[in-house]
Amino acid sequence: LNGFKEHTVRLFEKHGMTNVGYWQPLESDEPKLYYLLSFKDAAAREQAWKDFIADPDWQAAYKASEADGK
């Protein structure tokens, strides 16, 4: 959750993704996070995800988030 708060939300916005909402189940044995993003259209969605995955800031944040395990 901290990774989303500190990095991912901002990176989504950087790549044209609109953060709509975030939810966590009230009862769950595993920590889960569900989120909804909005895009101008399907082509914008595809490009935004490509750019997001290739972003060095995202890659560094992802790697750091798994430093102590998933």
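Look a little higher up for the structure.
The structure displayed is predicted, hence computed values, not measured ones.

About the cut-offs
- Residues numbered from 1 in each chain as written.
- Predicted model: local features only at pLDDT ≥ 70, side-chain atom pairs only at ≥ 80, totals over all residues.
- Heavy atoms only, no water.
- Helix = DSSP H or I, 4+ residues; strand = E, 2+ residues; numbered from the N terminus.
- Buried < 20%, exposed > 50% of the residue type's maximum accessible area, 1.4 Å probe, protein only.
- Contact = heavy atoms within 4.5 Å.
- Polar contact = N/O pair within 3.5 Å; in protein donor to acceptor, adjacent residues only side chain to side chain.
- Phe/Tyr/Trp six-rings, centres within 6.5 Å; stacked < 30°, edge-to-face > 60°.

## Some thoughts on the side chain of His-15
Alright, step 1. Position of His-15 relative to the elements: it lies in the loop between helix H1 (2-14) and strand E1 (18-23).
Alright, step 2. Given the relative accessible area of 17%, His-15 is considered buried.
Alright, step 3. For His-15, the contacting residues outside a window of four places in its chain are Ala-48, Asp-51, Phe-52 and Asp-55.

## Describing the side chain of Asn-19
Alright, step 1. The residue Asn-19 is located in strand E1 in this model.
Alright, step 2. Of the polar contacts made by the side chain of Asn-19, one reaches the backbone oxygen of Val-9; its length is 3.4 Å.
Alright, step 3. One polar contact links Asn-19 to Tyr-22, side chain to side chain, over a distance of 2.3 Å.
Alright, step 4. Not counting chain neighbours up to four residues away, the residues in contact with Asn-19 comprise Val-9, Phe-12, Glu-13, Leu-36 and Leu-37.

## Thoughts on the packing of aromatic side chains
Alright, step 1. Using the criterion set out here, one finds seven aromatic pairs in the structure.
Alright, step 2. Ring geometry for Trp-49 against Phe-52: centres 5.5 Å apart, planes inclined by 90 degrees, an arrangement best described as edge-to-face. With Trp-49 and Phe-52 both in helix H2 (residues 42-54) and three residues apart, the pair spans about one turn of that helix.
Alright, step 3. For Trp-49, a relative accessible area of 27% corresponds to the partly exposed category.
Alright, step 4. Taken together, Phe-12, Tyr-22, Tyr-35, Trp-49, Phe-52, Trp-58 and Tyr-62 form an aromatic cluster joined through their ring pairs.

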